[in-house]
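If you want the building blocks of each chain, they are given just below.
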Amino acid sequence: MSQIGLDHPQQKSAMLNEATIRWSLWLGSKLLRGLSLLCGASFIIYATLRSAPGDMVDLILGLNGTPEMKADLRAEFGLDLNIIEGYGRWAWRALSGDLGISITFMPGEPVLSLAGPAFLVTLSIAVVSLLCSIAVAYGLAILLGPPRPRQAFLLGPIQLLNAAPSFVVAICLAKVINELIQFQLAGGGQIPPSWYPIPTYQKITDSIAPFCFAALSISLGDGLFTDLFNALRAELMSLNESLFISAVRAKGAAVRKHLIKNLIVPTLSVFTARLPLVLSAVVIVEYIFTLDGSGYLLLQAAKNRDVPVVVGVSLFFIFAVIVMNLILDLVKALVDPREVAKGD
Amino acid sequence: MTGQSTGQSTRQSTWYSTWYSTWHSAWKEQPLSFKLSSIIVVLVLCFGVINPFISYDPVLDVELSRRDLAPSWEYWMGTDGQGRSVALRLFKGIEAFFFPGLIAGLFAAFVGGVLGALCGYFGGWIGRSLSAVLELIDTLPRMVFLVLICTIFPPSILLISIISSVLFIPSIATIIRRKVEALGAEDYILAHVAHGFHPLKIISYHILWLQCRALLTRQMIFVFSYVLFIETALSYLGDYGVQEPYPSWGNMVAQSRISAVAWPWALPALAIIITIAALLAFGDGIARREEEVKR
Amino acid sequence: MNKPLLSARNLHKVFKSPGGKQTVAIDQVDLDLYTGEVVALIGESGSGKTTLGRALLRLISLDQGQVQFLDQDLLALKGSELRQARRQFQMIFQNQQANLHPRLSVAEMMDESLVLHHPEQSAAERQSMMNTLLDQVGLSNHHDRYLASLSGGEQRRVGLARILATSPKLVVADEPTSGLDAAIKLQTIELLKTLKGESLTYLLISHDLGLVRRIADRVLVMLRGRIIEEISIQDLGMIKHHPYTQKLLEASNLGKKTDIEHTQYKNASIEDVRGHSIGCHYCSLCPLLANTPELKDLCYSQRPTLTQQVACFSLSKERELV
């Protein structure tokens, strides 16, 4: 008896230890994967830069480049070194937060302070539109129940949205809302609203309305809502029909709690898979609604051939996608620890 | 006698007749949406092919006296702010994405299909490295990467479409690899090896052609519609795509966005949506049909 | 008899699963097939029959061993030589749909094989050959049919006609009647019998002892990668068999599936360093050991070799005395 009593806590601590090891191994492998993805993707970007035709420095600076500026730029992109060493230096500078200085678009401004705040706007549009779509998709799925032939009339238009690119949706939305508001202004006021498709640079605080419109067109365009709706409805239906839920129901327990717990993982998977596509879509939509985000920044910079800004924004996108994936993986693992047990 | 005659008929069943029979059975049994979409796809194909033979001078077409005319018999989609026929510009706008899209689609389907089949056939580390590359490319936001390309290289729609087709290759290869692995589980490959076929013939004919052509067609159409999307998007933004005065559906929308009348921008926008919808529905229909026949 | 058509020596194959676990699929197998005979390979599922059949035709690589087919060293053949040689040995797959296409008609599939194996023939010659082959398997009016419209038996016969198109010397038939109903099974057996003729050799892999009794000349019994008994068809059920064979026969007489619980004798004997059992696989279940307890150590620690056509220390001795 006493022996068992002695053994027990030891056993427990051993099990605890094992769990800790498993978790840290899992976390380590995920981090390693994220890091290698970051390296690979940034290398692709660097290699693209290096493969530019002609001398990149002349291309960027044009005729008005002073020799110091040229030397600076060369050092920044490691153009004097071979591709591997150059990448190493460039990546090291980028990691330590030095993404270079804007040259033509906003001369002298550090890229980091341009791209950072702008990217927050982009990310928030992407996340808000994804979350809203997921919420509405679930709502509609619960409202409609399992697919029935009669719903074809209702779902037909939703399916047609599958094909509408988000920027076309955004243009139509802008146009329609513009017509409505102009109508209300009476007198045929020729002053367009501030978010009308003529670029003006402005702060996010002035732009709640365009922010919402951008999120709405992202949700409707590119088949985002349609795909989410189809996937989540299928998920909901299969879960609803599964024996597991009937067992819970038979036990008289709260069905909703179990449903939600089991829907988190597939929902997060959908979120993860969709995020890069949505971020891409935000780029153009932001531009249409002249939101002060990184898409707008990217396109303006590209227009001015401001390579450091374009590269900086691209890196932000890649970094964000990888970090979001990591976070979502972690959340998934916390909800469903089987993920951790499975790996390695 | 009967053997002879049936033998004759089978000899005539070439690749186009098998494709035709697939399409025809799909036509008979698919819903209305498939019929509509295939009509639109055929129209786009025909227009795209005859496009280069019809000359159009966008500068000579400008006639300010007839600007913003409503649709009529003469200009049956109306005219835009510079008095140019919207219908004619819509038609000429197909040229901007048609051949680049076709080339990109064929390239992506061909390379992706061959890579996927090779990985599925040989398996092992080739397959693993392919999925690593796929994951890598999936972390690149496509749009941002394309803008980067446009900034560094002199932008042309052809370059953009080739790059976007390259971005699609890993996903196509993975789809094909999964398919081949599923076939391998059914002893499909082994049975053909045992029968004495050359591995190249097994990969190209028995796997890619006989088993994966619907999948590949669908992926090709998908890449084509992506090129259409990216071309119109970039032309809308104005700096990288087709430049005024040459027409593209994207820059038609951009040009007329502040026009007082609806048709100059609404019709190209509608054309973009309908064409992409038709392409996707058509690809889905063909693929679904092929799956149904198998059972 | 004279020189064997195919002779295999010391075949060995180990499958490694990703977890590092090793499974011995073929364990030092020797095998001779003579022209014109039908050899049946029986044993429960998982005993390595299919693996052996495939390895003999070079569809699976072997870890060691030699296979001699006629005068060729089969394992040394490469590329086009191997493909040329494949014409002479064909396989009927358990999953017959595997080598048929849902998109090709019967005639197209036949033509494909004929073009491959008789490239010198003209279209008309191929046509007539196709007609004879399809007549032979009883599908003369099925030229334009597709896979979906053929019954299971008909699909198998198309596969058979395709194989005959190569005029093979050896056919490995893996479960040729599985999944067929009784009437079609009989038809298929009759067909296999008629096609056999003088020169065709079959290696028949089957669960189905009824089929084996009907057409086989010789039966090999496999247990976990080893051939444990060789029986000529006249002796089947007439003499005292290896206890495992006995159990298989009993099970089939009772109309049961021939599967015996794997776990009953798994790792029964002493194991070597890699975890492969060295002794007789059946030692822990063997009823003969009750009569001959002095053999127990031997059975648990040494591999019985095939002497007097049986791999059992006790039985070999008994037969020697007779």
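Above this text is the structure in question.
Notes on the structure in this doc start here.

About the cut-offs
- Residues numbered from 1 in each chain as written.
- Chains lettered and ligands numbered in written order.
- Predicted model: local features only at pLDDT ≥ 70, side-chain atom pairs only at ≥ 80, totals over all residues.
- Heavy atoms only, no water.
- Helix = DSSP H or I, 4+ residues; strand = E, 2+ residues; numbered from the N terminus.
- Buried < 20%, exposed > 50% of the residue type's maximum accessible area, 1.4 Å probe, protein only.
- Areas by Shrake-Rupley, 256 points an atom, 1.4 Å probe, with all protein chains shown as cover.
- Contact = heavy atoms within 4.5 Å.
- Buried area = accessible area lost by both parts, 1.4 Å probe.
- Salt bridge = Lys/Arg side-chain N within 4 Å of Asp/Glu carboxyl O.
- Polar contact = N/O pair within 3.5 Å; in protein donor to acceptor, adjacent residues only side chain to side chain.
- Nonpolar A, V, L, I, M, F, W, Y, C, P; charged D, E, K, R; others polar.
- Pairing = 2+ DSSP bridges.
- Axes fitted to C-alpha atoms, helices over the stretch in contact; angles between N-to-C directions.
- Core = buried A, V, L, I, M, F, W, Y, C linked by side-chain atoms within 4.5 Å.
- Patch = residues over 30% accessible without salt bridge, like charges linked within 9 Å, V, L, I, M, F, W, Y side chains within 5 Å.
- Parallel < 35°, antiparallel > 145°, perpendicular 65-115°, else oblique.
- Left-handed = near helix turned anticlockwise from the far one by under 90°.
- Phe/Tyr/Trp six-rings, centres within 6.5 Å; stacked < 30°, edge-to-face > 60°.

**A word on the overall build of chain B**
Along chain B, the regular secondary structure elements total 11 helices and 0 strands. Its helices and strands in sequence order give chain B the pattern α-α-α-α-α-α-α-α-α-α-α, from N to C terminus. Taken along its principal axes, the extent of the C-alpha atoms in chain B is 75 × 55 × 30 Å. Going through the 295 residues of chain B one by one, you find that 55% of them count as buried. Summed over its atoms, the accessible surface of chain B is roughly 12800 Å², and 69% of this surface lies on carbon and sulfur atoms.

**Some words on the overall build of chain A**
For chain A, the helix and strand inventory stands at 14 helices and 0 strands. Its helices and strands in sequence order give chain A the pattern α-α-α-α-α-α-α-α-α-α-α-α-α-α, from N to C terminus. Looking at the 344 residues of chain A, the share that counts as buried comes to 46%. Taking the intrachain contacts of chain A between residues at least 6 apart in sequence as the baseline, contacts between residues at least 24 apart amount to 74%. Total accessible area computed for chain A in this model is approximately 17700 Å², and 68% of it derives from carbon and sulfur atoms.

**Brief notes about the interface of chain A and chain B**
If you look at the interface, chain A gives 45 residues, while chain B gives 37 residues. Of the roughly 3700 Å² buried at the junction of chain A and chain B (both faces included), carbon and sulfur atoms supply 79%. One can count 0 salt bridges joining chain A with chain B. Counting across the interface, chain A meets chain B through 3 residue pairs in polar contact (both at pLDDT 80 or more).

**Quick look at the interface of chain B and chain C**
Taken together, the contact pairs 33 residues of chain B with 33 residues of chain C. There are 0 salt bridges connecting chain B and chain C. Counting the contacts that link chain B with chain C gives 7 residue pairs in polar contact (both at pLDDT 80 or more). Those elements giving two or more residues to the side of chain B that touches chain C turn out to be helix 1 (2-12), helix 8 (188-195), helix 9 (199-237) and helix 11 (263-294) of chain B. Counting residues per element, the side of chain B that touches chain C draws most heavily on helix 1 of chain B, which supplies 8 residues. Counted by class, the side of chain B that touches chain C contains 10 nonpolar, 15 polar and 8 charged residues.

**Some details on the sheet that holds strand 9 (residues 218-223) of chain C**
All names here are of chain C. Strand order across the open sheet formed by 6 strands is 6-7-8-3-9-10, with mixed pairing between neighbours. Across the chains shown, the open sheet's two edge strands, defined by having one partner strand only, are strand 6 (89-92) and strand 10 (226-232). Each adjacent strand pair in this sheet contributes to an overall mean axis angle of 20 degrees, direction not counted. In the sheet, strand 6 pairs with strand 7 (residues 170-174) via 4 bridges, with the strands oriented parallel. Paired with Met-91 across the strands is Val-172, a residue of strand 7.

**Considerations on the sheet that holds strand 1 (residues 6-16) of chain C**
All names here are of chain C. Strand order across the open sheet formed by 4 strands is 2-1-4-5, with antiparallel pairing between neighbours. Among the strands making up the open sheet, the edge pair consists of strand 2 (22-33) and strand 5 (72-73). The sheet contact formed by strand 1 and strand 2 spans 9 bridges and is antiparallel. Note on strand 2: the bridge partner recorded for Lys-16 is Gln-22. The strands touched by helix 1 (residues 49-56) are strand 1, strand 2 and strand 4 (64-69); relative to strand 2, the strand with the most contacts, the crossing angle is about 60 degrees.

**With respect to the environment of B:Gly93**
Residues and elements named next belong to chain B. Following the sequence through the fold, Gly-93 ends up in helix 4 (residues 86-122). When the C-alpha atoms of Gly-93 and Asn-251 are compared, they prove to be 9.3 Å apart, with 158 residues separating the residues in sequence. In this structure Gly-93 touches Pro-247, Ser-248 and Trp-249, once residues within four positions along its chain are discounted.

**A few points about the nonpolar core**
Of all hydrophobic cores here, the largest spans 263 residues; its most connected members are A:Trp90, A:Phe167, B:Trp249, C:Leu11 and C:Leu56. Non-local contacts of C:Leu11, meaning those with residues more than four positions away in its chain, are made with C:Ile26, C:Asp27, C:Gln28, C:Val29, C:Leu52, C:Leu56, C:Leu62, C:Gln64, C:Gly65, C:Gln66 and C:Val67.

**Topic: a nonpolar patch on the surface**
All names here are of chain B. Together, Ile-39, Leu-43, Phe-47, Val-49, Ile-50, Phe-53 and Ile-54 line one region of the surface with nonpolar side chains, adding up to about 640 Å² of accessible area. Here Val-49 is to be found in helix 3 (residues 32-50). A relative accessible area of 45% means that Val-49 is categorised as partly exposed.

**Observations concerning the packing of helix 6 (residues 142-152) of chain B against helix 9 of chain B**
All names here are of chain B. For the pair helix 6 and helix 9, interaxial distance at closest approach is 12 Å and the crossing angle is 55 degrees. As summarised for this structure, helix 6 and helix 9 are arranged oblique, according to the angle between their axes. Considering only the axes of helix 6 and helix 9, their crossing is right-handed. Between helix 6 and helix 9, the contacting residues are Arg-142, Met-143, Leu-146 and Cys-150 on the first element and Tyr-226, Ile-230, Leu-234 and Leu-237 on the second. For the contact of helix 6 with helix 9, the residue count by class is 7 nonpolar, no polar and 1 charged.

**Some points on the packing of aromatic side chains**
Using the criterion set out here, one finds 20 aromatic pairs over all chains in the structure. Both rings, one in A:Phe119 and one in A:Phe316, keep their centres 5.7 Å apart while their planes meet at 40 degrees; by these two values the pair is tilted. Taken together, the residues A:Phe119 in helix 5 (residues 111-144) and A:Phe316 in helix 13 (residues 307-335) connect sequence positions 197 residues apart. Each ring, one from A:Phe167 and one from B:Phe229, has its centre 6.0 Å from the other, and the planes form 55 degrees; the classification is tilted. On the criterion of chain membership, the pair formed by A:Phe167 in helix 7 (residues 166-185) and B:Phe229 in helix 9 is interchain, its members lying in two chains. For B:Phe229, a relative accessible area of 12% translates into the label buried.

**Describing the side chain of A:Ser133**
Of note, A:Ser133 is situated in helix 5. What A:Ser133 contacts, discounting residues up to four positions off in sequence, is A:Ser219, A:Leu224, A:Phe225 and A:Leu228.

**Some details on unusual backbone geometry**
All names here are of chain C. Positive phi, normally seen in glycine, also occurs at Ser-167, with a value near 40 degrees. Following the sequence through the fold, Ser-167 ends up in the loop between helix 5 (152-164) and strand 7. Positive phi values are uncommon outside glycine, yet Arg-224 reaches one of about 45 degrees. With respect to the element layout, Arg-224 can be found in the loop between strand 9 and strand 10.

**Let's talk about the pattern of salt bridges**
All names here are of chain C. Counted under the stated rule, the structure contains 12 salt bridges over all chains. Arg-9 serves as the salt-bridge partner of Asp-32, at 2.9 Å between the closest nitrogen and oxygen. Within this pair, whereas Asp-32 is found in strand 2, its partner Arg-9 is found in strand 1, the two being separated by 23 residues in sequence. Here the salt bridges do not stand alone but share partners, grouping Glu-37, Arg-218 and Glu-230 into one network.

**A word on the environment of C:Leu186**
Residue and element names in this part refer to chain C. Inspection of the secondary structure assignment puts Leu-186 in helix 6 (residues 182-196). When its relative accessible area of 38% is taken as the criterion, Leu-186 is described as partly exposed. Linking Leu-186 and Phe-69, residues 117 residues apart in sequence, is a C-alpha distance of 31 Å.

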